[in-house]
Amino acid sequence: MPTILEKIAEIEAEMARTQRNKATANHLGILKARLAKLRRELIQPKGGGGPAGEGFDVAKTGDARVGFVGFPSVGKSTLLTNLAGVYSEVAAYEFTTLTTVPGVIRFKGAKIQLLDLPGIIEGAKDGKGRGRQVIAVARTCSLIFIVLDVLKPLEHKRIIEKELEGFGLRLNKEPPNIAFKKKEKGGINLTLAVPQSSLDLDNVRSILAEYRIHNADVTLRCDATADDLIDVVEGNRVY
């Protein structure tokens, strides 16, 4: 039986080879919903267990929390030491920081907690390395500070953003202006407050059917995408 990662890979491959047009919109919406459900299961395995960030999180203090996120050995620890005067081990090899190291700075009367998080690697969102624990802590932050090596390609920033997106973090985004409410009967009722370029009633029905939702009121107050609707239905995104 295929593992969750294998199922994810199969869906991503099918999405990659599917042309994007009006005729395939429903199919792609269904695939995206299936992918979101599998990623949720990967992040929060059935049967419970400890929280995803167990062993990495620290007590939240102050008025805001900033997490330093990046690949190993890009300068997160040096940055924390210079800003907060907290020693975080620095060395010329990767994965020097093996747990979360906190520090505190004060700015205009505000107490801001800084977190030097262990480095993540590509594929962290799929369980590689300690990515799940690290990104779980990042989800608790008020702001994500991506630290990059200036000698490495800027593509590294895009990779890190993709890893965070895959774990339900929505960087530099507002929650989509979508009202969604389940009901006992009456089918799917869609109200369009503004013109839509991506979604229509068929798209919405197809996506909700993947969640076994056949009765709901949906109001789109923005030009929404399938991803926006899935994020609202999932209900566990961090903006």
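A few points on the structure. Treat the numbers as computed from the prediction; the structure is a model and nothing was measured.

## Quick look at the overall build of the protein chain
Logical step 1: The helix and strand inventory of the protein chain stands at seven helices and seven strands.
Logical step 2: Along the protein chain, helices (α) and strands (β) appear in the sequence α-α-β-α-β-β-α-β-α-β-β-α-β-α when read from the amino end.
Logical step 3: Looking at the protein chain as a whole, 39% of its 239 residues qualify as buried.
Logical step 4: Carbon and sulfur atoms provide 53% of the accessible area of the protein chain, an area that totals close to 13,400 Å².

## Quick word on the sheet that holds strand β3 (residues 110-116)
Logical step 1: With mixed pairing, the four strands of this open sheet are ordered in space as β2-β3-β1-β4. Here the strands that pair on one side only, and so sit at the sheet edges, are β2 (101-107) and β4 (143-146). With strand direction ignored, the average angle separating the axes of adjacent strands in the sheet is 25°.
Logical step 2: Pairing geometry for strand β1 (residues 64-69) and β3, over five bridges, is parallel. Paired with Arg 65 across the two strands is Gln 113, which belongs to β3.

## Topic: helix α5 (residues 155-166)
Logical step 1: Taking 1.5 Å as the rise per residue, α5 with 12 residues should run 16 Å; its terminal C-alpha atoms sit 17 Å apart, in good agreement.
Logical step 2: What α5 keeps buried is the set Ile 159, Ile 160, Glu 163, Leu 164 and Gly 166. Buried residues along α5 cover an arc of 165° about the axis, so they all sit on one side.
Logical step 3: Taken from the residues just after α5, Gly 168 is the one with a positive phi, measuring 90°.

## Describing unusual backbone geometry
Logical step 1: Of note, the phi angle at Ser 73 is positive, near 60°, even though the residue is not glycine.
Logical step 2: Non-glycine residue Asn 172 carries a positive phi angle of around 55°.
Logical step 3: On the secondary structure map, Asn 172 appears in the loop between α5 and β5 (178-182).

## Quick look at the environment of Lys 157
Logical step 1: Relative to the helices and strands, Lys 157 is located in helix α5.
Logical step 2: Residues Lys 157 and Val 147 lie 10 residues apart in sequence; the distance between their C-alpha atoms is 8.5 Å.

## Here's the deal with the nonpolar core
Logical step 1: By size, the foremost hydrophobic cluster in this structure holds 26 residues, and its most contacted members are Val 69, Leu 117, Ile 144, Leu 164 and Leu 169.
Logical step 2: Only β1, β3, α4 (131-138) and α5 provide two or more residues apiece to this core.
Logical step 3: Sorting elements by how many residues they give to this core places α4 first, with five residues.
Logical step 4: Ignoring anything within four residues of it in the chain, the contact list for Leu 169 reads Ile 135, Ala 138, Arg 139, Ile 144, Leu 164 and Val 238.
Logical step 5: By size, the runner-up hydrophobic cluster in this structure holds 20 residues, among which are Ala 33, Leu 190, Leu 199 and Ala 224.

Cut-off values and rules
- Residues numbered from 1 in each chain as written.
- Predicted model: local features only at pLDDT ≥ 70, side-chain atom pairs only at ≥ 80, totals over all residues.
- Heavy atoms only, no water.
- Helix = DSSP H or I, 4+ residues; strand = E, 2+ residues; numbered from the N terminus.
- Buried < 20%, exposed > 50% of the residue type's maximum accessible area, 1.4 Å probe, protein only.
- Areas by Shrake-Rupley, 256 points an atom, 1.4 Å probe, with all protein chains shown as cover.
- Pairing = 2+ DSSP bridges.
- Axes fitted to C-alpha atoms, helices over the stretch in contact; angles between N-to-C directions.
- Expected span 1.5 Å × (residues − 1).
- Arc of directions from axis to C-beta.
- Core = buried A, V, L, I, M, F, W, Y, C linked by side-chain atoms within 4.5 Å.
- Contact = heavy atoms within 4.5 Å.

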